[in-house]
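Given next are the chains, with one letter for each unit.
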Amino acid sequence: MEQAVENRNAGGAVNPEKTVFLMAEDNPVDAELFIGMLEHTYQDKYEITCVDCFEKIMPFLSKERVDALILDMHLPDKSGTDNISSIVRKYPSLPIVVLTGQEDMEVAVDSLKNGAQDYLSKNNINPEILARSLRYAQERKQIEMQLKEALNDAAYRNYQLESLAKYDMLTQLPNRAYFNDIARHVLRRANRTKKKCALLYFDLDGFKKINDTYGHAFGDELLKQVTKRLSGVVRESDFLARIGGDEFVVITDLLESKEEMYPVIKRIVKAFEKTLLINGYEIFSSPSIGIAYYPDAKDLDQLIKHADCAMYEAKNKFESQVCFYTNQMAAHFSRTQEIEENITVGIENKEFDVWFQPVISAESTERISVEALLRWDSTKLGRVGPDEFIPVAELTPAINQLTHLVIQHCGLFFHSMKNKQTKIDRMAVNISALQLSNANFGNILLAWFKESALPPENMCVEITESQIVQNAKICAEQISALRDAGVHIALDDFGTGFSSITHLLDLPIDILKLDRMLIDHIDSDSRNQALTAGIVEMAHRLNMTVVAEGIERQEEQNYVLELGCDYLQGYRFSKPLPLGEVSSFYLNK
Ligand code: C2E
Ligand code: CA
Ligand code: CA
């Protein structure tokens, strides 16, 4: 066919009285033949447009009304039954009659499965057969559409509405509303039968970070995989639901005793021991689990509150992923909330200050080294120690504002000393877990140093191992970037808790700070002596500088000097001091 699109009997705009056909046929002889047959039946009551390739079908359908499509199965640019499904997907109400060669019976049957209404063999066709087939196709399509509509209206719609109301679309788990219904029912039964039930409330550690780093589609996939794992470990009689972003709950069936829950909890924890594979990334995602019991809690609201509170506790304790609700938690929970509410106001009102604790070089009194430590004198809450407010601030963006403040104060101190002909060797700032797992944190920190005119090589960031463990890959990248820029990296509180030598070998750490628990009465504690001696020797072999923290007594000082510690820090030399006093400490020496 010469023309790309040939229109017969069109006479301008499509006439609503006439039946409109579109024919996709690349063989001009066949096309002429079929048009002749149509003319025979429809006379002037039809219009037909011919196209000679598949590519031209969709653009035409998008512009014109078409009552039926006559489709050759073998078009030069695309052939086969896939053609049909792609048209049906886009134009579900279009009747289609397929034309095939004699040898193509299999394809013909397939074409019906894919959404065509009828097929005709080119070798066995006449005007009557063609007309009947077209009419049949149109009628069949019409019935099909009516049926679909009827179904849509009634059962299908109901089904969809019901699942929307009850299930979470992403994971297909019951949603919060459905969970509330079921949980109330379980509590009523527990009440009637004088039995117990448990509520497990959990979320995924670092989920927000993963979402921010890898994107929401990645986060969604993670949630789906987590759901799969969870569904595999809870008992059939327990009810698992997703009630928020990364928050899941399980309400158990009636329990005779609280201990009945232990194997279930164990299975959940175990389910997260293996990494998840998402888009080719191995992701480690562990839950923090809070557990509360009915009738310890008097109703569902309280049960949820208790379990949530226990989960919060589990989150803040690195060593335990699982926490059972206790009455003491309530007090702690409200204190935490109080602190959280007041931190932002505190920053605005300039209630925070930065103090400096001298770190003494064993070799030379000339070397000035300090650790910057936050102080908060809140108008609302009074003095709050960093051990109390830092863990709260760490979970909010306030921690970044606080670190920024610390660095600005370092700048003030650094430059105040420079003017007095002394030079600061090293200033240490403490960094929190969540900060390090932000893939841009290294750059932010370096920009803050620059803003305060602090040379990176005079700065040191103190991190703890528990932080690194939680998000190893990103942390390692940030640490390396900072070290490359000349910043010193100190591993804080080493020797207790999670100390692992692997990190010393894997990360560019150049300073090791011995935890003050190790130093406490080291002169008489033979276990700590052996441990500390070993750590110091290993650190020196790895070319690291060792700082002993928390030295309060002369005997402790003597002992760590003997072990070869390079720097000493503790109340024996000085407590942390406000900016003006720490300058005097060094200048009046
Ligand atoms: P840390 O990093 O281990 O800081 C040392 C803590 O030990 C300081 O407590 C210091 O006052 C205390 N200390 C120093 N020498 C002695 C001693 O001889 N005996 C005793 N008993 N204690 C001594 P502080 O200032 O209360 O800070 C507590 C923790 O709060 C710090 O522990 C650190 O983890 C955190 N922190 C403080 N400032 C910041 C900050 O700006 N950012 C972050 N992320 N954490 C901070
Ligand atoms: Ca520190
Ligand atoms: Ca420390």
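As a reminder, the structure under discussion sits directly above these lines.
First, a word on scope: everything that follows refers to the structure included in this document. All figures in this text were calculated on a predicted structure; none of them were measured in a lab.

Thresholds, definitions, all that
The residue count restarts for each chain, going from 1 along the sequence in the order it is written. Each chain takes a letter, starting from A, and each ligand takes a number, starting from 1, following the order in which they are written. It should be noted that, the model being predicted, local features are given only for residues of pLDDT at least 70 and side-chain atom pairs only at 80 or more, the latter also being counted only at that level, while totals for whole chains, interfaces and linings use all residues. Think of the side-chain values as coming from all heavy atoms in the structure, minus any hydrogens and water. A pair of strands is labelled paired if DSSP reports no fewer than 2 bridges between them. Strands here mean DSSP runs of E at least two residues long; helices mean DSSP runs of H or I at least four residues long; both are numbered from the N terminus. The axes are straight lines fitted to the C-alpha atoms, using for helices just the contacting stretch, and the angles between their N-to-C directions are given from 0 to 180°. Only heavy atoms enter the contact rule, under which two residues are in contact if any of them lie within 4.5 Å. Roughly parallel here means an angle under 35 degrees, roughly antiparallel means over 145, roughly perpendicular means 65 to 115, and every remaining angle is called oblique. Note that Gly is not counted as nonpolar here; it falls among the polar residues with everything else outside the nonpolar set of Ala, Val, Leu, Ile, Met, Phe, Trp, Tyr, Cys and Pro and the charged set of Asp, Glu, Lys and Arg. In this scheme, a helix's expected span is set at 1.5 Å multiplied by one less than its residue total. The cut-offs for exposure are 20% and 50% of the maximum accessible area for each residue type, with area from a 1.4 Å probe on protein chains only; residues under the lower value are buried, those over the upper are exposed, and the others partly exposed. Directions are taken from the helix axis to each C-beta atom, and the arc is the one they span. Identification of polar contacts relies on pairs of N or O atoms within 3.5 Å, with a donor-acceptor requirement for protein atoms, meaning one able to donate a hydrogen and the other able to accept it, and with residues adjacent in sequence counted only if both atoms are side-chain atoms. Residues are called lining when one of their atoms sits within 4 Å of a cavity or pocket point, these points coming from a 1 Å grid over the protein atoms alone, where a cavity is a set in which a 1.4 Å probe fits but cannot get out and a pocket is an open set with protein on both sides within 12 Å along at least five of seven lines. Grid points are joined across faces, edges and corners, and a volume is the space filled by probe spheres set on the points. Aromatic pairing here means that ring centres of Phe, Tyr or Trp (its six-membered ring) are within 6.5 Å. Orientation follows from the plane angle: under 30 degrees is stacked, over 60 is edge-to-face, and everything else is tilted. By the criterion adopted, a ring carries a charge over it if an Arg CZ or a Lys NZ lies within 6 Å of its centre and within 35 degrees of its normal. Distances are taken per atom, and a residue is near a molecule or strand as soon as one of its heavy atoms is within 4 Å of it. Exposure was quantified through the Shrake-Rupley algorithm and a 1.4 Å probe, taking into account, for residues, occlusion by the shown protein chains and nothing else. Only nitrogen, oxygen and sulfur atoms count as donors, using a 2.8 Å cut-off from the metal that widens to 3.2 Å for Na, K and Ca. Water is left out, so coordination shells may look unfilled.

1. Section: the sheet that holds strand E9 (residues 247–251)
The strand order E8-E9-E7-E12-E13 describes an open sheet built from five strands, whose pairing is mixed. What marks the edges here is a single partner per strand, and that holds for strand E8 (239–244) and strand E13 (322–324). This sheet shows a mean twist of 20° between the axes of neighbouring strands, independent of strand direction. Pairing geometry for strand E7 (residues 197–204) and strand E12 (residues 287–294), over eight bridges, is antiparallel. Across the sheet, the residue bridging to Leu199 is Ala292, located in E12. Where helix H10 (residues 300–316) meets the sheet, it contacts E7, E9, E12 and E13, and its direction lies at approximately 145° from that of E12.

2. Let's talk about the packing of helix H7 (residues 207–214) against helix H8 (residues 216–233)
Contact pair H7 / H8: the axes reach a minimum separation of 6 Å and the direction vectors enclose 140°. Between H7 and H8, the angle falls in the class oblique. Contact with H7, carried on its side by Phe207, Ile210, Asn211 and Tyr214, involves His216, Phe218, Gly219, Leu222 and Leu223 of H8 and no other residues of that element. Among the residues making up the contact of H7 with H8, the classes are represented as six nonpolar, three polar and no charged.

3. What to know about helix H6 (residues 176–193)
For H6, with 18 residues, the first-to-last C-alpha span of 25 Å sits near the 26 Å given by 1.5 Å per residue. Inspection of H6 places Tyr178, Phe179, Ala183, Val186, Leu187 and Ala190 among the buried residues, and these make up the whole buried set. Down the axis of H6, the smallest arc covering the buried residues is 160°, so these residues share one side. Exposed residues pointing more than 90 degrees away from the buried face of H6 are listed as Asp181, Arg188 and Arg192. Two or three places before Ala177, at the start of H6, stands the capping residue Asn175, its side-chain oxygen 3.2 Å from that residue's backbone nitrogen. Residue Lys194 follows H6 closely and has a positive phi angle near 60°.

4. What to know about the layout of surface pockets
When its volume is computed, the second largest pocket comes out at roughly 190 Å³. Along the walls of the second largest pocket sit Glu351, Asp353, Trp355, Arg375, Trp376, Asp377, Arg383, Val384, Gly385 and Pro386, which together make up its complete lining. When contributions to the lining of the second largest pocket are tallied by element, the ones reaching two or more residues are strand E14 (352–361), strand E15 (368–378) and strand E16 (382–384). Here the lining of the second largest pocket is built from residues that sort into four nonpolar, one polar and five charged.

5. Some words on the packing of aromatic side chains
Evaluated as defined, the whole model comprises 16 aromatic pairs. With a centroid separation of 5.6 Å and 70° between ring planes, the pair formed by Tyr167 and Tyr178 is classed as edge-to-face. Of this pair, Tyr167 sits in the loop between helix H5 (127–166) and H6 while Tyr178 sits in helix H6, and the two are eleven residues apart along the sequence. Under the relative-accessibility criterion, Tyr167 is labelled partly exposed at 30%. Aromatic ring contacts, followed pair by pair, group Phe21, Tyr42 and Tyr46 into a single cluster. When the ring centre of Tyr567 is taken as reference, the NZ or CZ atom of Arg426 above it lies at 4.9 Å. Above the plane of the ring of Tyr571 lies Lys575, whose end atom (NZ or CZ) is 4.7 Å from the centre.

6. Brief notes about the site of ligand 1
The environment of ligand 1 is formed by 22 residues, the closest being Arg375, Ser432, Arg516, Glu552 and Tyr571. Between ligand 1 and Glu371 there is a distance of 3.1 Å, counted from an oxygen atom to a side-chain nitrogen or oxygen. In isolation ligand 1 has 790 Å² of accessible area, and contact with the protein removes 86% of it. When residues of the shell around ligand 1 are traced back to their parent elements, those giving at least two are E15, helix H12 (386–393) and strand E19 (488–494). The element contributing the most residues to the shell around ligand 1 is E15, with four residues. Here the shell around ligand 1 is built from residues that sort into nine nonpolar, five polar and eight charged.

7. Notes on H7
Among the residues of H7, Phe207, Lys209, Ile210 and Asn211 are the ones counted as buried. A positive backbone phi angle near 100° is found at Gly215, which sits one or two residues after H7.

8. Overview of the coordination of the calcium ion (ligand 2)
Six octahedral donors around a metal ideally make angles of 90 or 180 degrees; four tetrahedral donors ideally make 109.5 degrees. Distances from the calcium ion (ligand 2) to its protein donors, namely Glu371 (OE), Asn430 (OD1), Glu462 (OE) and Asp492 (OD), fall within the range 2.1 to 2.3 Å. Counting the intervening residues between successive donors of the calcium ion (ligand 2) yields the motif E-x58-N-x31-E-x29-D. A spacing of 3.9 Å is found between the calcium ion (ligand 2) and the calcium ion (ligand 3), which share Asp492 as a donor. In this pair, Asn430 sits in strand E17 (residues 424–430) while Asp492 sits in strand E19, placing the two residues 62 residues apart along the sequence.

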